[in-house]
Amino acid sequence: MTEETHEIVKADEEQPSVKQPTTNSGTDTKSHLFAIRTTGGQEKVVLNLLQNRVNTKKINIQSVLLIDNLKGYVVLEAIDANEAFNAIQGVRHIRGQLRGELEFKDIEGYLVKKSTVSELAVDKVVEIIGGPFKGMKATVTRVDHDKEEATVILLDAPYQLPVTVDANYLKLSA
Amino acid sequence: MVREMACRKCKYVTIGKVCPVCKSSDLTPDWNGVALIVDPENSHIAKTLGITQKGKYALKVT
Ligand SMILES: [Zn+2]
């Protein structure tokens with residue numbers, strides 16, 4: 001490894017003086033998602049440790065996600081596995097290594113857009129993604145934009161029962 | 001421990017009484033999931049959530 005003799009040069013390179021144009025400049029930088037295994041119940045602690053790290057060190061990640069349905073993991077958004085690894089290296093409560101890459105569609109359902117209510121309209125078919133009617137399909141009969149809620153009729157119910165649901169619990173059905 | 005509240009409008013998580021991002025005082029202790037946005041410009045997650053400022057956000061606010 002001849003690399004070692006260039007250590008000083010290498011340190012110089014880490015100073016962000018001139019930005020080298022990357023090969024994919026002009027297009028969106030493509031980030032990837034990595035599931036990081038944590039000690040059970042310590043996901044929040046890990047998130048806070050990573051937050052402190054972001055504030056004090058220069059780590060190149062785009063975001064960290066903590067998803068309730070994904071117990072024992074945090075999801076890291078980074079350009080590549082190397083950057084993800086650098087970000088978590090030495091952080092307490094992280095068990096093992098990266099557990100492979102996640103597809104964006106795997107977590108998309110957890111990312112509720114700010115204004116679900118704006119996409120809703122009467123007669124649209126929606127899927128209920130939270131609350132007691134989770135998993136059911138329904139037709140929208142009324143939308144309240146101020147309260148961000150909608151009244152729907154469940155499609156699978158034996159009789160037509162109108163229910164008012166938080167708009168964030170609704171997703172337009174494909 | 002100080003209670004973290006999420007803004008009902010923009011989902012930003014704060015320990016203050018007013019959301020520092022959108023200045024709303026409509027905050028709730030009922031929220032779950034976290035998106036810690038570090039690099040909003042290059043984050044696919046931030047784009048999907050419509051977030052343009054870095055910080056800690058709730059994924060779901062009830
Ligand atoms: Zn806000």
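(A) Structural view of the sheet that holds strand β6 (residues 137-144) of chain A. Residue and element names in this part refer to chain A. Ordered by their spatial adjacency, 5 strands build an open sheet running β8-β7-β6-β5-β9, and the pairing between neighbours is antiparallel. Of all the strands in the sheet, the pair left with one neighbour each is β8 (162-166) and β9 (170-172). Recorded for the sheet is a direction-independent mean angle of 50° between the axes of neighbouring strands. Both strand β5 (residues 125-128) and β9 contribute to a ladder of 3 bridges, which runs antiparallel. Counted as the bridge partner of I128 is L170 from β9.

(B) Up close: the nonpolar core. F34(A), L65(A), V74(A), V75(A), L76(A) and A35(B) are the most contacted members of the largest nonpolar core, which totals 42 residues. V126(A), V143(A), V165(A) and A167(A) belong to the second-largest nonpolar core, a separate cluster that totals 13 residues.

(C) Structural view of the interface of chain A and chain B. Across the contact, 23 residues belong to chain A and 22 residues belong to chain B. Elements represented by at least two residues in the side of chain A that touches chain B include exactly α2 (43-56) and β2 (61-66) of chain A. At 6 residues, the largest contribution of residues to the side of chain A that touches chain B is made by β2(A). In this structure, β2(A) lies alongside strand β4 (residues 31-37) of chain B, joined through 4 bridges in antiparallel fashion. Its bridge partner lying in β4(B), L65(A) is registered against A35(B).

(D) Here's a closer look at the sheet that holds strand β2 (residues 13-14) of chain B. Residues and elements named next belong to chain B. Spatial strand order, β2-β1-β3: 3 strands in an open sheet with antiparallel pairing. Whereas interior strands pair on both sides, the edge strands pair on one side only; in this sheet they are β2 and β3 (27-28). As defined by bridge partners, strand β1 (residues 5-7) adjoins β3 across 2 bridges and the pair is classed as antiparallel. Paired with A6 across the two strands is T28, which belongs to β3.

(E) α2(A), seen in detail. Residues and elements named next belong to chain A. Taking 1.5 Å of rise per residue, 14 residues should cover 20 Å, and α2 covers 20 Å from first to last C-alpha, within 8% of that figure. Of the residues making up α2, those classed as buried are E43, V46 and L50. Down the axis, α2 shows its buried residues gathered within 60° of arc, on one side only. Among the exposed residues of α2, those oriented more than 90 degrees off its buried face are N52, N55 and T56.

(F) Looking closely at helix α3 (residues 81-88) of chain A. Residue and element names in this part refer to chain A. Regarding α3, the residues found buried are A84, A87 and I88. The buried residues of α3 all sit within an arc of 85° when viewed along its axis, so they share a single face. Once α3 ends, the next one or two residues include G90, with phi positive near 85°.

(G) Fine view of the environment of V38(B). With respect to the helices and strands, the residue V38(B) is situated in the loop between β4 and α1 (44-49). With 15 residues separating them along the chain, V38(B) and Q53(B) place their C-alpha atoms 8.7 Å apart. When sequence neighbours within four positions are dropped, the list of residues in contact with V38(B) reads V54(A), I61(A), Q62(A), S63(A) and K54(B).

(H) Structural detail: the pairing of β5(A). Residue and element names in this part refer to chain A. By the alternation rule, side chains of β5 split into V126 and I128, which are all buried, and V125 and E127, of which none is buried. Where β5 meets β6, 3 bridges bridge the pair, whose relative direction is antiparallel. Across the sheet, the residue bridging to E127 is K137, located in β6.

How each quantity is defined
Residues numbered from 1 in each chain as written. Chains lettered and ligands numbered in written order. Predicted model: local features only at pLDDT ≥ 70, side-chain atom pairs only at ≥ 80, totals over all residues. Pairing = 2+ DSSP bridges. Helix = DSSP H or I, 4+ residues; strand = E, 2+ residues; numbered from the N terminus. Axes fitted to C-alpha atoms, helices over the stretch in contact; angles between N-to-C directions. Core = buried A, V, L, I, M, F, W, Y, C linked by C-beta atoms within 7 Å. Buried ≥ 20, exposed ≤ 12 C-beta atoms within 10 Å, placed from the backbone. Contact = placed C-beta atoms within 7 Å. Expected span 1.5 Å × (residues − 1). Arc of directions from axis to C-beta.

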